[in-house]
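So the chains spell out like this:
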2 protein chains.
Amino acid sequence: MQKYEASSSVVRRLPRYYRLLKELEREGQRRTSSRELGERLGMTSSQIRQDLSCFGCFGQQGRGYTVTELREHLECIMGLPQKLPAILVGAGSLGKVVSENVRFEQRGFRLTGIFDIKPELIGKELAGLSILPMEQLETFCAEHQPAAAVLCLPKESAQAAAEQLVSLGVRGLWNFSHCDIAVKGAKVVTVHLDDSLMTLSYHLHNQ
Amino acid sequence: MQKYEASSSVVRRLPRYYRLLKELEREGQRRTSSRELGERLGMTSSQIRQDLSCFGCFGQQGRGYTVTELREHLECIMGLPQKLPAILVGAGSLGKVVSENVRFEQRGFRLTGIFDIKPELIGKELAGLSILPMEQLETFCAEHQPAAAVLCLPKESAQAAAEQLVSLGVRGLWNFSHCDIAVKGAKVVTVHLDDSLMTLSYHLHNQ
């Protein structure tokens with residue numbers, strides 16, 4: 001598979017392009033332009049063209065992009081059809097909401113294991129999986145080789161868990177632990193819910 | 001208070017600047033530059049300067065920005081010290097996690113009411129508040145005038161609830177309902193957890 005190199009800001013915008021293209025498809029639209037994409041996303045058309053060209057999407061002069069082709073191309077770039085195995089660590093209230101609400105299968109992953117430290121949670125079912133004790137993490141990783149782990153832990157235990165997971169072969173962490181984590185050899189994407197709340201605050205004060 | 005006009009992309013980057021500045025403060029750093037900010041955020045220094053200049057932050061030629069001043073300025077621009085009253089609608093598992101995990105008071109809001117439609121939830125305590133029935137929404141809004149509402153509803157009921165809230169004076173919606181919502185007269189910020197999961201997928205395929 002071809003690999004792309006793009007700045008983290010460009011990568012962060014990819015899902016927004018993808019969502020908009022799916023919306024255009026639902027609206028029955030066949031073609032689009034960098035101008036239209038820009039207008040709907042509040043960006044300039046040259047920024048759109050520049051971003052998409054990082055991934056070899058150039059459009060046709062004067063004719064723009066074919067919506068479905070571009071959507072499928074972005075889907076492949078993000079590896080969404082691959083469904084990499086992922087585990088979730090921390091099956092408390094946050095882990096429950098994440099495992100039950102996130103559409104992993106449509107977003108490039110399939111959940112293959114859920115782990116917790118609390119004895120009272122072990123064996124309970126979550127998102128169709130039986131919660132496993134942390135003691136089984138090592139054997140499980142050796143056998144199933146999860147590529148990614150979702151961290152739904154208190155921030156005190158997140159860094160240590162992250163290091164353990166990476167030592168067991170996990171290469172990507174989706175971190176809900178309200179703290180920044182860094183582990184050599186792994187990509188960490190942290191969910192900052194607060195960021196979107198702050199933008200709402202901004203809009204209410206600058207309406 | 002001064003009002004600013006900036007594109008939605010610039011506004012979306014504000015919380016990231018803000019978080020980075022807080023980190024620099026914790027690290028004991030007094031001054032910073034657009035170059036340093038750019039390096040740490042994976043952006044060009046000219047983009048940083050351009051973004052910040054939208055809010056009247058120009059820095060000093062050759063001396064850059066004072067970390068604390070810039071952080072305080074961004075804080076004011078986002079209205080964080082104001083703590084606007086907000087309510088949460090939908091006290092199921094998602095609403096519970098949001099109300100208990102989000103630091104509203106540090107992000108420009110204070111939670112003043114929580115509502116649900118399910119009789120078995122009414123009167124239960126969540127985030128220090130007693131869950132109220134939807135029938136009391138109108139009287140509550142007339143009395144407390146919430147500026148914003150957090151929507152933790154199934155997507156089928158989100159649009160109708162949003163319209164009702166806006167008719168009762170709510171001006172901003174923080175939408176967790178897995179669907180795009182549009183209501184005239186209100187700003188809607190939708191949380192797309194899936195977006196960050198897709199960027200993780202991207203990184204794992206393009207490492």
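Computed from a predicted structure; not experimentally measured. (Residues numbered from 1 in each chain as written. Chains lettered and ligands numbered in written order. Predicted model: local features only at pLDDT ≥ 70, side-chain atom pairs only at ≥ 80, totals over all residues.)

*Asks:* Any chance you could explain the overall build of chain A here in plain terms?
*Replies:* If you tally the helices and strands in chain A, you get eight helices and ten strands. Counting only C-alpha atoms, chain A reaches 60 × 45 × 35 Å along its principal axes. The buried share of chain A, reckoned over its 207 residues, is 40%. The long-range share in chain A, meaning contacts at least 24 apart out of those at least 6 apart in sequence, stands at 55%. (Helix = DSSP H or I, 4+ residues; strand = E, 2+ residues; numbered from the N terminus. Buried ≥ 20, exposed ≤ 12 C-beta atoms within 10 Å, placed from the backbone. Contact = placed C-beta atoms within 7 Å.)

*Asks:* Please clarify how the sheet that holds strand E10 (residues 187-190) of chain B should be interpreted in this entry.
*Replies:* Pairing between sheet strands relies on hydrogen bonds along the backbone, with the strands arranged either parallel or antiparallel. Residue and element names in this part refer to chain B. Read across the open sheet, the six strands follow the order E7-E4-E3-E8-E9-E10; overall the sheet is parallel. Of all strands in the sheet, those with a lone pairing partner are strand E7 (132-133) and E10, marking the two edges. Taken together, the four bridges between strand E9 (residues 172-175) and E10 define a ladder with parallel strand orientation. Bridge assignment links leucine 173 to a residue of E10, and that residue is valine 188. Those strands touched by helix H6 (residues 137-144) are strand E3 (84-89), strand E4 (109-116) and E7, and its axis lies near 165 degrees from that of E4. (Pairing = 2+ DSSP bridges. Axes fitted to C-alpha atoms, helices over the stretch in contact; angles between N-to-C directions.)

*Asks:* Would you take a moment to explain the relation of the copies chain B and chain A for this structure?
*Replies:* These two copies of the chain differ by a rotation about an axis and a displacement along the same axis. The operation relating chain B to chain A is a screw motion whose rotation component is 180 degrees, with 0.0 Å of axial translation and a residual RMSD of 0.0 Å. Each copy turns onto its partner about a two-fold axis. When you check the interface residues of chain B against chain A, 100% turn up at the interface there too, and the contact is symmetric in its surfaces. (Least-squares fit on C-alpha atoms with pLDDT ≥ 70 in both.)

*Asks:* Honestly, the environment of Cys179(A) in this entry has me stumped. Any pointers?
*Replies:* Residue and element names in this part refer to chain A. Along the chain, cysteine 179 turns up in the loop between strand E9 (172-175) and strand E10 (187-190). Remark: the alpha-carbon pair of cysteine 179 and serine 34, spanning 145 residues in sequence, is separated by 36 Å. Among residues more than four places away in sequence, those in contact with cysteine 179 are Lys155 and Ala158.

*Asks:* What is the right way to read the domain arrangement of chain A from this model?
*Replies:* Where interface size is quoted, it is often the accessible area lost as the parts come together. Considered domain by domain, chain A is made up of domain 1 (8-77) and domain 2 (83-193). Here the C-alpha centre of domain 2 of chain A lies 32 Å away from the C-alpha centre of domain 1 of chain A. (Domains from an automatic or database assignment.)

*Asks:* Sorry, what's going on with the packing of helix H1 (residues 8-26) of chain A against helix H2 (residues 34-41) of chain A here?
*Replies:* Think of two packed helices as two axes; the pair is described by the angle between the axes and how far apart they sit. Residues and elements named next belong to chain A. Look at H1 against H2: their axes get within 11 Å of each other, and the N-to-C directions meet at 105 degrees. Taken together, H1 and H2 sit at an angle that is classed as roughly perpendicular. The segment H1 lies against H2, with Arg16, Tyr17 and Leu20 engaging Leu37, Arg40 and Leu41. (Parallel < 35°, antiparallel > 145°, perpendicular 65-115°, else oblique.)

*Asks:* Sorry if this is basic, but what is going on with the confidence of the model for chain A here?
*Replies:* Low pLDDT marks regions whose predicted coordinates should not be analysed in detail. Averaged over every residue, the pLDDT of chain A is 93; residues scoring 70 or more account for 100%. Predicted as a complex, the structure gets a pTM of 0.86 and an ipTM equal to 0.92. (pLDDT = per-residue confidence, 0-100.)

*Asks:* How should I be thinking about the sheet that holds strand E7 (residues 132-133) of chain A in this particular structure?
*Replies:* All names here are of chain A. The strand order across the open sheet formed by six strands is E7-E4-E3-E8-E9-E10, and the pairing between neighbours is parallel. Looking at strand neighbours, the two that pair on one side only are E7 and E10, the edges of this open sheet. Alignment of strand E8 (residues 148-151) against E9, held across four bridges, turns out to be parallel. Bridge assignment links leucine 151 to a residue of E9, and that residue is asparagine 175.

*Asks:* When you look at the packing of helix H5 (residues 93-101) of chain A against helix H5 (residues 93-101) of chain B in this model, what are you seeing that I'm missing?
*Replies:* Remark: H5(A) packs on H5(B), axes separated minimally by 9 Å, with the N-to-C direction vectors making an angle of 135 degrees. In terms of their interaxial angle, H5(A) and H5(B) are classed as oblique. When you trace H5(A) past H5(B), the crossing you get is left-handed. Touching Ser93(A), Leu94(A), Lys96(A), Val97(A) and Asn101(A) of H5(A) are Ser93(B), Leu94(B), Lys96(B), Val97(B) and Asn101(B), all from H5(B). (Left-handed = near helix turned anticlockwise from the far one by under 90°.)

*Asks:* Just to check I follow, could you spell out helix H7 (residues 155-167) of chain A for this structure?
*Replies:* Given 3.6 residues per helical turn, the α-helix brings residues three or four places apart onto the same face. All names here are of chain A. Compared with an ideal rise of 1.5 Å per residue, which puts 13 residues at 18 Å, H7 spans 19 Å between its outermost C-alpha atoms and is within 8% of the ideal. Of the residues making up H7, those classed as buried are Ala158, Ala161, Ala162 and Leu165. Packed against the buried residues of H7 are strand E3 (84-89), E8 and E9. With its phi angle positive at about 105 degrees, glycine 169 sits one or two positions after the end of H7. (Expected span 1.5 Å × (residues − 1).)

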